[in-house]
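# Close look at the chain arrangement
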Amino acid sequence: MAHTESFQLEEAAAEAYEAKFVPAMFTEWAQRMVTVAGVSPGQRILDVACGTGIVARTAAEIAGAEAVTGVDINPAMLAVAARVRPEISWLQGDAAALPVPEGAFDVVLCQMALMFFPDAVAALREMCRAAVDGGTVAVAVPGRLADQPGYGPFVELVSRHADSGAMSLLGVYWACGNLEKLERLFAEAGLHGVESQTHIGEAKYSSAADFVAVEVESTPLMARLTEDQFARIRTEAAAVLQPFAAADGALTVPLQGHIVVGRKAKERKR
Ligand SMILES: C[S@@+](CC[C@H](N)C(=O)[O-])C[C@H]1O[C@@H](n2cnc3c(N)ncnc32)[C@H](O)[C@@H]1O
């Protein structure tokens, strides 16, 4: 699964990501992640590809800000993360070479980012390296596009108007969605006791126009569309998303995703 998409945003778009995208889609997944991974007081937590820091902040509510570190490759995302929660340690770094010592964290979390890493197994090995012996590595990813009744038709709408650059990004979002393959990646990375859960989240938007604003303006998609393409997508989105609209036009769009949890082996006593 080699690709070149890494979800890079400039700072204004990173602010929009924090203000719009995170509350619409990822806040509830962060709650689920820390619960499924068993984050508890006294643990040290690493959030890999932390973006603007929703998972790190959610873990800090349980473990305390001083126990949490977030790493992301993008300084713009980290600048927003640090503005929102300066007490957490924010480090710039690549998931393929995490800037943290071996065995320094009880729980390593990575939400909605594994599909952007050029080598997912190498990144999972790095997460394993960062964990203590017997520690937890937990990853959340969106499911397959075929299992997304709302995002599927939206991606299809974009494909009717956009170019290959936009479609490359929209293809990668779902690239880790095959659960059997994902579990195999964990095993290849040397993680044990692998368990997974599939959830259907509820992404919330105030209207179809809000859906398009969130999905386009607070993601790298904005830079891949012309004004004309964007306008056509905005015009047609309401019809495509109609099945998810309430009487007042607000949308609740299902986002199916997987959370996979594995453990680093405990070192045997000689
Ligand atoms: C969709 S965002 C998810 C961010 C965050 N985990 C969340 O739940 O909001 C994907 C993030 O992956 C980061 N990223 C992509 N490739 C990376 C890499 N090789 N190493 C570290 N971070 C990376 C991007 O900069 C971006 O912040």
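Summary of the structure given here. Remember, it's a predicted structure, so these values are computed and weren't measured experimentally. Counting starts from 1 at the beginning of each chain's written sequence and moves along it residue by residue. Where totals are concerned, whole chains, interfaces and linings use all residues; where local detail is concerned, this predicted model gives features only for residues with pLDDT of at least 70, and gives and counts side-chain atom pairs only at 80 or more. Computation of side-chain values covers all heavy atoms of the structure but excludes hydrogens and water.

## Concerning the overall build of the protein chain
Here is the rule we go by: Where helices and strands are cited, they refer to DSSP runs of H or I of at least four residues and of E of at least two residues respectively, numbered from the N terminus. Burial status follows relative accessibility: with a 1.4 Å probe on protein chains alone, a residue under 20% of its type maximum counts as buried, one over 50% as exposed, and anything between as partly exposed. For this analysis, residues touch if any pair of their heavy atoms sits within 4.5 Å. The Shrake-Rupley method, run with a 1.4 Å probe, gives the accessible areas here. Residue values count only the displayed protein chains as cover. Residues scored as charged are limited to Lys and Arg (positive) and Asp and Glu (negative), so that His and the chain ends carry no count. Here the site of a charge means NZ on Lys, CZ on Arg, CG on Asp, or CD on Glu.
A count of helices and strands for the protein chain gives nine helices and seven strands. On the principal axes, the C-alpha backbone points of the protein chain span a range of 65 × 40 × 35 Å. Taken across its 270 residues, the protein chain has 56% of its residues classed as buried. Within the protein chain, counting contacts between residues at least 6 apart in sequence, those at least 24 apart form 77% of the total. Just so you have it, the protein chain exposes about 11600 Å², and 52% of that area is on carbon and sulfur atoms. Charged side chains in the protein chain number 22 positive and 33 negative. The centres of these two groups are separated by 7 Å.

## Notes on the environment of Val261
Relative to the helices and strands, Val261 is located in strand E7 (residues 251-263). Spatially, the C-alpha atom of Val261 lies 8.6 Å from that of Phe186, the residues being 75 residues apart in sequence. Excluding its chain neighbours within four sequence positions, the residues that come into contact with Val261 are Val36, Thr136, Val137, Ala138, Phe186, Gly193, Val194 and Glu195.

## Comments concerning helix H2 (residues 54-63)
Of all 10 residues in H2, eight are buried, a share of seventy percent or more. Taken residue by residue, H2 has Ile54, Val55, Ala56, Arg57, Thr58, Ala59, Ala60 and Ala63 as its buried positions. Of the residues trailing H2, Gly64 is marked for its positive phi of about 90 degrees.

## Overview of the site of the ligand
To keep it simple, the criterion reads: In this text, near means that some heavy atom of the residue lies within 4 Å of the molecule or strand in question. For this analysis, a polar contact is any N or O atom pair within 3.5 Å, provided that within protein one partner can donate a hydrogen and the other can accept it, and provided that sequence-adjacent residues contribute only side-chain to side-chain pairs. Only protein atoms enter the calculation, which uses a 1 Å grid: trapped sets of points that fit a 1.4 Å probe without letting it out are cavities, open sets showing protein on both sides within 12 Å along at least five of seven lines are pockets, and any residue with an atom within 4 Å of a point is a lining residue. Any molecule with more than half of its atoms within 2 Å of a cavity's or pocket's grid points is regarded as sitting in that cavity or pocket. Here the nonpolar group is Ala, Val, Leu, Ile, Met, Phe, Trp, Tyr, Cys and Pro; Asp, Glu, Lys and Arg are the charged ones; every other residue, Gly included, is treated as polar.
Among the 21 residues in the neighbourhood of the ligand, the closest are listed as Tyr17, Ala49, Asp72, Ala95 and Gln111. Residue Gln8 places a side-chain N or O atom 3.1 Å away from an oxygen atom belonging to the ligand. Contact distances for the ligand include 2.6 Å between an oxygen atom and a side-chain N or O atom of Asp72. Taking 590 Å² as the accessible area of the ligand by itself, protein coverage stands at 98%. Because more than half of its atoms lie within 2 Å of the grid, the ligand is assigned to the largest pocket. In terms of residue class, the shell around the ligand is made up of 13 nonpolar, six polar and two charged.

## A word on the sheet that holds strand E4 (residues 105-111)
The test is simple: Between any two strands, pairing holds if DSSP finds at least two bridges. To get an axis, fit a line to the C-alpha atoms, keeping to the stretch in contact for a helix; angles then go from 0 to 180 degrees between the N-to-C directions.
The strand order across the open sheet formed by seven strands is E3-E2-E1-E4-E5-E7-E6, and the pairing between neighbours is mixed. In the strand order of this sheet, the two ends are held by strand E3 (89-92) and strand E6 (192-205), each with one partner. The sheet shows a mean angle of 20 degrees between the axes of neighbouring strands, taken without regard to direction. Where strand E1 (residues 45-48) lies against E4, three bridges are found, and the strand directions are parallel. Paired with Leu46 across the bridge in E4 is Val108. Lying on the sheet, helix H3 (residues 75-84) is in contact with strand E2 (68-72) and E3; it crosses E3 at an angle near 170 degrees. Against the sheet, helix H4 (residues 120-130) contacts E1, E4 and strand E5 (131-142), and its axis sits at roughly 145 degrees relative to E5.

## Describing the layout of surface pockets
Operational definition: Grid points are joined across faces, edges and corners, and a volume is the space filled by probe spheres set on the points.
Approximately 650 Å³ is the volume attributed to the largest pocket. What lines the largest pocket is a set of 44 residues, and nearest its centre among them are Ser6, Phe7, Met112, Ala113 and Phe116. Listing elements by their share of the lining of the largest pocket, those giving two or more residues are helix H1 (11-36), E1, H2, E2 and helix H5 (151-161). Counting residues per element, the lining of the largest pocket draws most heavily on H1, which supplies five residues. When the residues that make up the lining of the largest pocket are grouped by side-chain class, the tally is 29 nonpolar, 10 polar and five charged.

## Details of the nonpolar core
Formally: For our purposes a nonpolar core is just a set of buried Ala, Val, Leu, Ile, Met, Phe, Trp, Tyr and Cys residues, chained together by side-chain atoms within 4.5 Å.
Ranked by internal contacts, the top residues of the largest apolar core, which has 105 residues, are Leu109, Leu114, Phe117, Met127 and Tyr205. Examining the composition of this core, we find that 12 residues originate from one element, H1, more than from any other. Not counting residues within four places of it along the chain, the set of residues in contact with Tyr205 comprises Ala24, Met25, Tyr151, Asp210, Phe211, Val214, Glu215, Ala250, Leu251 and Val253.

## Section: H1
Going by this rule: One fewer than the residue count of a helix, multiplied by 1.5 Å, yields its expected span. Fitting axes to the seven residues ending at a residue and to the seven starting there, one defines the bend at that residue as the angle between these axes.
When the terminal C-alpha atoms of H1 are compared, their 31 Å separation across 26 residues is substantially less than the 38 Å that a helix rising 1.5 Å per residue should span. In H1, a bend of some 75 degrees at Val22 exceeds every other bend along the element, and Pro23, a proline, comes one to four places later. Trailing H1 by a residue or two, Gly38 shows a phi angle of about 70 degrees, which is positive.

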